[in-house]
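Descriptive analysis of the structure
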Amino acid sequence: MQWIPYGRQQIDESDIRAVVEALRSDWLTTGPKVVEFEERFAARVGAKYAVTVSNGTFALQTAFSTLKLQPGDEVLVPSITFAATANAVVFHGGKPVFVDVSPDTLLIDPDDLKKKISERTRAVIAVDYAGQPCEYDEIRMLCRKNNLPLIADSCHALGAEYHGKPLGSLASMTVFSFHPVKHITTGEGGMITTDDESLYNALKRYRNHGIDADFRSREEQGIWSYDMVEWGSNGRLTDFQAALGISQLSKLDMFVQKRRDIAERYREAFKNNRLITPLAVKNNRKHSYHLFEVCVEDPTKKMTRDALFTALRECGIGVNVHYRPVHLLQFYRERFGTGPGLCPVAEKVAEQILTLPLFPSMTEEMIEKVIGEVNRLTA
Ligand SMILES: *Cc1c(COP(=O)(O)O)cnc(C)c1O
């Protein structure tokens, strides 16, 4: 039986040629291909600057390094996200404060966000869950009023748009991931975009051990002198990964279009299914569908989410759950005393959500199979 994963990369001959060419060049680690990838990426998402790093998790850590969090400082984080979003706050010694989500979109709820701002709040991180831009207008207004920087975790949402603007310049810093299940891949890889030059320099420093000038600019200037001015680490991306990133980026529009087409097929196919409700898409934004999420709700309790999960997996359909609320994870309960009751919407919806397979190289046969089995099992 053929296994249909929930997501996977699409690599073609031109990607392979680009990587091989980079391997034959003089640069293996961060070099001209990284610079080219950053320039093309920044242009694509409408940001002034882009900084590549080794993965999306490191990208979050790099962005948070600029906040210089002190013990007790709080950062507002949506409860429905990948653990890495909140972990980046903990990594820099901050305390994540979990914000509930809206039930129809699972995007961070601006009303709950407002309630959870305190004297200790230092920043807000918003997540464009599943590939849908969050409520940037409301969130930006709250941040401006309270003088808080907004960081966007857009790891789900490369290629998405909010009021006609691509995600990448709507927050003070925006973070992307190039893991193989995301919109474009470099194997492992991540990017931070910003319009602020001093943040840009700080991000590049953190990627390079907190050292003020990189090897290439020292080489060009003919000097050896350097200083480590603050804490940093090695988060560099290799040049052959960047070559793959450049090649993949040129196919982003096609990848996103395919994702949208499959999502439309799913919406149409489940229109009359009373047990399955796809998440809502709000006005004035273009979803880029990293994930296709449905809520499974059977009033008779015969077909629960967990039962459907097991039944679909048994027929070779790699459904998944994104995510368990972060405030219910053992580490957070033990370290920060979080637990049930903190974000009631997230807790309830997390029992119902199911991720269906969605990736650009899905064949017609795979799409038909997912639709057929889901409708059969919930008839
Ligand atoms: C994928 C992802 C990350 C982490 O990216 P990696 O490249 O896997 O480290 C962070 N946040 C969210 C929301 C993600 O989906």
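One structure accompanies this document, and this report is about it. (Residues numbered from 1 in each chain as written. Predicted model: local features only at pLDDT ≥ 70, side-chain atom pairs only at ≥ 80, totals over all residues. Heavy atoms only, no water.)

Digging into the overall build of the chain
Each helix and strand counted, the chain has 14 helices and 13 strands in total. For 379 residues, the compact-globule formula gives about 21 Å, and the C-alpha radius of gyration of the chain, at 21 Å, lands near that figure. Structurally, the chain occupies a C-alpha span of about 75 × 55 × 35 Å along its principal axes. Counting over 379 residues, the chain shows a buried share of 56%. Considering only contacts within the chain whose residues lie at least 6 apart along the sequence, 72% involve residues at least 24 apart. In the structure as shown, the chain presents an accessible area of about 16900 Å², 51% of it carried by carbon and sulfur atoms. Distance from the positive charge centre (46 side chains) to the negative charge centre (49 side chains) of the chain: 3 Å. (Helix = DSSP H or I, 4+ residues; strand = E, 2+ residues; numbered from the N terminus. Rg over C-alpha atoms; globule rule 2.2 N^0.38 Å. Buried < 20%, exposed > 50% of the residue type's maximum accessible area, 1.4 Å probe, protein only. Contact = heavy atoms within 4.5 Å. Areas by Shrake-Rupley, 256 points an atom, 1.4 Å probe, with all protein chains shown as cover. Lys, Arg positive; Asp, Glu negative; His and termini not counted. Charge placed at Lys NZ, Arg CZ, Asp CG, Glu CD.)

Regarding the site of the ligand
Taken together, 15 residues form the shell around the ligand, and within it Gly56, Thr57, Asp153, Ser177 and Lys182 come nearest. At the level of secondary structure, the elements contributing two or more residues to the shell around the ligand comprise helix H3 (56-65) and helix H4 (83-91). The element that contributes the greatest number of residues to the shell around the ligand is H3, accounting for three residues. Across the shell around the ligand, the residue classes break down as five nonpolar, eight polar and two charged. (Near = heavy atom within 4 Å. Nonpolar A, V, L, I, M, F, W, Y, C, P; charged D, E, K, R; others polar.)

Comments concerning the sheet that holds strand S13 (residues 353-356)
Spatial strand order, S10-S12-S13: three strands in an open sheet with antiparallel pairing. Edge positions in the sheet fall to strand S10 (276-278) and S13, since each has one partner strand and no second. Taken over all neighbouring pairs, the strand axes of this sheet differ in orientation by 35° on average, direction set aside. (Pairing = 2+ DSSP bridges. Axes fitted to C-alpha atoms, helices over the stretch in contact; angles between N-to-C directions.)

Observations concerning the nonpolar core
Among the nonpolar cores identified, the biggest contains 68 residues, and Tyr129, Ile139 and Ile192 are the most heavily contacted of them. Residues contacting Ile192, with those up to four places away along its chain left out, are Tyr49, Ala50, Val51, Val53, Ala59, Thr62, Ala63, Met173, Thr174, Val175 and Leu203. Ranked by size, the runner-up nonpolar core spans 28 residues in total, among them Ala263, Leu308, Leu358 and Met366. (Core = buried A, V, L, I, M, F, W, Y, C linked by side-chain atoms within 4.5 Å.)

Thoughts on the pairing of strand S1 (residues 49-53)
Most of S1 sits inside the fold, with four of its five residues counted as buried. Across five bridges, the pairing between S1 and strand S9 (residues 190-194) is antiparallel. Pairing of Thr52 across the sheet is with Met191, part of S9.

Quick word on the pattern of salt bridges
One pass over the full model with this rule turns up 18 salt bridges. With its nearest N and O atoms 2.6 Å apart, the salt bridge here joins Glu373 to Arg376. Here Glu373 and its partner Arg376 are both found in helix H14 (residues 364-377), three residues apart, which amounts to about one turn of the helix. Note on Arg376: relative accessible area 53%, which makes it exposed. Among the charged side chains, a salt-bridge network with shared partners connects Asp12, Asp15 and Lys251. (Salt bridge = Lys/Arg side-chain N within 4 Å of Asp/Glu carboxyl O.)

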